[in-house]
Amino acid sequence: MNSEFTIAVHSLVLLAYRPDHMATSDMIAHNVCTHPARVRKVMALLRKHGYVAAKEGTGGGFLLHCDPEQVTLAEMYRLTSMGSVKPGWCSGDVEQDCMIACNMATVMDDIFAGAEKQLIDYFGQMTIRDVLEQLRQEQERKR
C-alpha cells in the first residue's frame, strides 16, 4: 500500500466534513501533514475520476463531488494502490531444476492476489462517511 491511499481517504473525509466549503491543496496538505504537491497529484486523480470538483485560480480549490455514503475505501484502494500488496521482487527462478525455486513466484503471486482480494473486500465494507463517523466518535471519546 502507498501513501496516496491515505491522502485520498483523508482528503475526501476532510471535504465531506465541510461539504459546503472549498479547500485549497495547501489547506488539505496542512491537514494531511504532507507537501501540497503530493496532495495536488492525488486530487488530480480524484478529480479525473469524478470524486472531487476543482475551481482553478484565485479563490479556487476543491469541493466534494460524490456521496460520501457511497464511496468505499475499496474504490480508493483500487484507484491509488491496486497491486501494491505484491512486492516488486519475488524469490525463485523458473529455470532452476528445483520444485521450490521454479514454482515459488507463481505460488507467491497467488498468495498476494488472495491477500489483496481480502483487503479489497474489507475496504469495501467502509465508506468515506463511515471514516468520518469514526473520527467523530474518536473526538467524543477524547472529551
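Look up: the structure comes first, before these words.
The structure displayed is predicted, hence computed values, not measured ones. (Residues numbered from 1 in each chain as written. Predicted model: local features only at pLDDT ≥ 70, side-chain atom pairs only at ≥ 80, totals over all residues. Heavy atoms only, no water.)

Break down the overall build of the protein chain for me, with residues and values.
A count of helical and extended segments in the protein chain gives 6 helices and 2 strands. Of the regular secondary structure in the protein chain, the N- to C-terminal order runs α-α-α-β-β-α-α-α. Taken against the 2.2 N^0.38 rule, which gives 15 Å for 143 residues, the C-alpha radius of gyration of the protein chain at 19 Å runs more than 25% over that of a compact globule. With the C-alpha coordinates aligned to their principal axes, the bounding extent of the protein chain is approximately 65 × 35 × 25 Å. Counting all 143 residues of the protein chain, 32% fall into the buried class. Long-range pairs, those at least 24 residues apart, make up 67% of the contacts in the protein chain between residues at least 6 apart in sequence. Between the averaged position of the 15 positive side-chain charges in the protein chain and that of its 18 negative side-chain charges there is a distance of 10 Å. (Helix = DSSP H or I, 4+ residues; strand = E, 2+ residues; numbered from the N terminus. Rg over C-alpha atoms; globule rule 2.2 N^0.38 Å. Buried < 20%, exposed > 50% of the residue type's maximum accessible area, 1.4 Å probe, protein only. Contact = heavy atoms within 4.5 Å. Lys, Arg positive; Asp, Glu negative; His and termini not counted. Charge placed at Lys NZ, Arg CZ, Asp CG, Glu CD.)

Could you give an account of the pattern of salt bridges, naming the residues involved and the relevant values?
Proximity of charged atoms lets side chains of opposite charge pair with each other. Inspection of every chain in the model, using the stated rule, returns 8 salt bridges. Two residues, glutamate 133 and arginine 136, come together in a salt bridge whose shortest N-O distance is 2.7 Å. Of the two residues, glutamate 133 and arginine 136 both sit in helix H6 (residues 128-142), 3 residues apart, roughly one turn of that helix. A residue is classified by how much of its surface remains accessible, and arginine 136, at 35% relative accessible area, is partly exposed. Notably, a salt bridge pairs arginine 141 with glutamate 138, separated by 2.6 Å at the nearest N-O pair. Remark: glutamate 138 and arginine 141 occur in helix H6; sequence separation between them is 3 residues, near one turn of the helix. In this structure arginine 141 comes out as exposed when scored by relative accessible area, which is 59%. (Salt bridge = Lys/Arg side-chain N within 4 Å of Asp/Glu carboxyl O.)

I'd like a description of the nonpolar core, backed by residues and values.
Residues Leu12, Leu46 and Met76 are the most contacted members of the largest nonpolar core, which totals 32 residues. When contributions to this core are tallied by element, the ones reaching two or more residues are helix H1 (3-17), helix H2 (25-32), helix H3 (36-48), strand S2 (61-64), helix H4 (73-81), helix H5 (99-123) and H6. Each residue touching leucine 46, except ones within four places of it in the same chain, is listed here: Ala8, Leu12, Tyr51, Val52, Met76 and Leu79. (Core = buried A, V, L, I, M, F, W, Y, C linked by side-chain atoms within 4.5 Å.)

Describe the layout of surface pockets, and please don't skip the residues or the numbers.
Over the atoms, a rolled probe matching the size of one water molecule traces out where space is still vacant. One number sums up the size of the largest pocket: a volume of about 380 Å³. His10, Val13, Asn31, Leu132 and Leu135 are, among the 15 residues lining the largest pocket, the residues nearest its centre. For the lining of the largest pocket, the elements supplying multiple residues, two or more each, are H1 and H6. Of all the elements, H1 adds the most residues to the lining of the largest pocket, at 7 residues. Its residues placed into classes, the lining of the largest pocket shows 9 nonpolar, 4 polar and 2 charged. (1 Å grid on protein atoms, 1.4 Å probe; cavity = no way out; pocket = protein on both sides within 12 Å on 5 of 7 lines; lining within 4 Å. Points joined across faces, edges and corners; volume = space filled by probe spheres on them. Nonpolar A, V, L, I, M, F, W, Y, C, P; charged D, E, K, R; others polar.)

Describe the environment of glutamate 95, naming the residues involved and giving the relevant values.
The residue glutamate 95 is located in the loop between H4 and H5 in this model. Residues glutamate 95 and valine 42, spaced 53 residues apart in sequence, show a C-alpha to C-alpha distance of 41 Å.

Explain the packing of aromatic side chains residue by residue, including any values.
The final tally for this structure, using the stated rule, is 4 aromatic pairs. Look at phenylalanine 5 and phenylalanine 123: their rings are 4.9 Å apart centre to centre, the planes differ by 20°, and that puts the pair in the stacked class. You can see phenylalanine 5 sitting in helix H1 and its partner phenylalanine 123 sitting in helix H5, a full 118 residues away along the chain. Phenylalanine 123 gets classed as buried once you look at its relative accessible area, which sits at 8%. Ring geometry for tyrosine 77 versus phenylalanine 123: centroids 6.0 Å apart, planes at 50°, classification tilted. Here tyrosine 77 is found in helix H4, whereas its partner phenylalanine 123 is found in helix H5, with 46 residues between them in sequence. This pair shows no difference in class: tyrosine 77 is buried, exactly as phenylalanine 123 is. Clustering of aromatic rings is evident, with ring pairs tying together Phe5, Tyr77, Tyr122 and Phe123. (Phe/Tyr/Trp six-rings, centres within 6.5 Å; stacked < 30°, edge-to-face > 60°.)

The analysis is restricted to geometry; functional conclusions fall outside its scope.
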